[in-house]
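# A closer look at the structure
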Amino acid sequence: MIEVARRRFSAADVTFHLGRFEDLDVPGRPFDAVFSATAFHWVDPSIGWLKAARNLKPGGVLALLSHVNVRDEQSRGLQDAFAALLGKHAPDVAAEWRPPMEFDTVLAGVEERRGNASEVWDWLMRGGLQRPSMAVPEAASLFEDVEVASEPYVVEQTADELHAQFRTTAIYHRLAPAQREAFEADEKRAIERDGGRVRFSLAVLLMTARRTGSGAF
């Protein structure tokens, strides 16, 4: 990915540092902003929130972006069928899967947690495979002015397109090769019986929060 990016940007504009966020010491800090797209939920929360704050100037912005499935009339049937197939082929993984929330429920939960950026992000990432909580109490003193911008949208895909995306998820990598093959075969047959394409709803979510001005951490 870095090699592709280097072909698009000159060395004078962008500097790349390769490493885990938890381990990397980036020179030249503090910065005006720290941004992560569909990745911050992989960072150890006991390190990530504090490290993000330490790399920001007071008042600097932490911006986290992700796309999440949402539950509505259009998506309910596909999501229920997904859960049923997961239960059939991998009941242990299915036991850890949480269905997506309705869009209004997502936004209501943000309002209840706005005092702690980590609790908001943990809530937004709630759907899908259960993972350790990303919420830490100390984040409440690290960040303020938590805001969430959101936009629902609809995706239409063939079975092959759906499976290409599914293969990038944590759920897929929890399945044994035989389970993956059987799951995808069953799902493809069901989609083809229903016309060959599926439509479902997602939302793009952007959470921003400002580093507090309480000095060094």
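Report follows, based on the coordinates. (Residues numbered from 1 in each chain as written. Predicted model: local features only at pLDDT ≥ 70, side-chain atom pairs only at ≥ 80, totals over all residues. Heavy atoms only, no water.)

## Here we look at the nonpolar core
Across soluble globular proteins, you tend to see nonpolar side chains buried next to one another. Counting residues in each nonpolar core, the largest one holds 31 residues, and the members touching the most others are Trp49, Leu62, Trp121, Leu124, Phe143 and Met207. Breaking this core down by element, the ones donating at least two residues are helix H2 (45-54), strand S2 (56-69), helix H5 (103-113), helix H6 (117-124), helix H7 (139-142), strand S5 (143-158) and strand S6 (197-211). At 5 residues, the largest contribution of residues to this core is made by H6. In this structure Phe143 touches Trp49, Ala52, Ala53, Leu56, Leu62, Ala117, Ala209, Arg210, Arg211 and Thr212, once residues within four positions along its chain are discounted. Counting residues in hydrophobic clusters, the runner-up holds 12 residues, among them Phe82, Tyr172, Leu175 and Phe183. (Core = buried A, V, L, I, M, F, W, Y, C linked by side-chain atoms within 4.5 Å. Buried < 20%, exposed > 50% of the residue type's maximum accessible area, 1.4 Å probe, protein only. Helix = DSSP H or I, 4+ residues; strand = E, 2+ residues; numbered from the N terminus. Contact = heavy atoms within 4.5 Å.)

## Considerations on the packing of H5 against H6
Relative orientation of the contacting elements H5 and H6 amounts to 165 degrees, with a least axis distance of 9 Å. In terms of orientation, H5 and H6 fall into the roughly antiparallel class. Between H5 and H6 lies a crossing of right-handed hand. Here Thr105, Val106, Gly109, Val110 and Arg113 of H5 come into contact with H6, specifically with Glu119, Val120, Trp123 and Leu124. Broken down by class, the residue content of the contact of H5 with H6 amounts to 5 nonpolar, 2 polar and 2 charged. (Axes fitted to C-alpha atoms, helices over the stretch in contact; angles between N-to-C directions. Parallel < 35°, antiparallel > 145°, perpendicular 65-115°, else oblique. Left-handed = near helix turned anticlockwise from the far one by under 90°. Nonpolar A, V, L, I, M, F, W, Y, C, P; charged D, E, K, R; others polar.)

## A closer look at the pairing of strand S1 (residues 31-37)
When S1 meets S2, the two strands line up parallel, connected through 6 bridges. Note that in S2 the partner of Ala37 across the bridge is Leu65. Read from S1 through H2 to S2, the crossover connection turns out right-handed. (Pairing = 2+ DSSP bridges. Right-handed = clockwise from strand over helix to strand, strands pointing away.)

## Topic: the sheet that holds S2
The sheet built from 4 strands is open, its strands ordered S1-S2-S6-S5 with mixed pairing. A single partner strand is all that each edge strand has here, and the edge strands are S1 and S5. Neighbour-to-neighbour, the strand axes of this sheet turn through a mean angle of 15 degrees, independent of strand direction. In the sheet, S5 pairs with S6 via 14 bridges, with the strands oriented antiparallel. Bridge pairing links Val155 to Phe200 in S6. Of the strands in this sheet, S1, S2, S5 and S6 are in contact with H2, which crosses S2 at around 135 degrees.

## Some details on unusual backbone geometry
Even without a glycine there, the phi angle at Thr38 is positive, about 50 degrees. With respect to the helices, strands and loops of the structure, Thr38 is situated in the loop between S1 and H2. Of note, the phi angle at Asp145 is positive, near 55 degrees, even though the residue is not glycine. Relative to the assigned elements, Asp145 resides in strand S5.

## Considering H2
In an α-helix, one turn spans 3.6 residues, which is why side chains three or four residues apart end up on the same side. All of the buried residues along H2 are Gly48, Trp49, Lys51, Ala52 and Ala53. Along its buried surface, H2 packs onto S1, S2, H6, H7, S5 and S6.

## Considerations on the packing of helix H8 (residues 159-166) against helix H10 (residues 177-193)
The contact between H8 and H10 brings their axes to 10 Å, and the two run at 145 degrees. For the element pair H8 and H10, the recorded crossing hand is right-handed. Facing Ala159, Asp160, Leu162, His163 and Phe166 of H8, the residues of H10 in contact are Phe183, Glu184, Glu187, Lys188 and Ile191.

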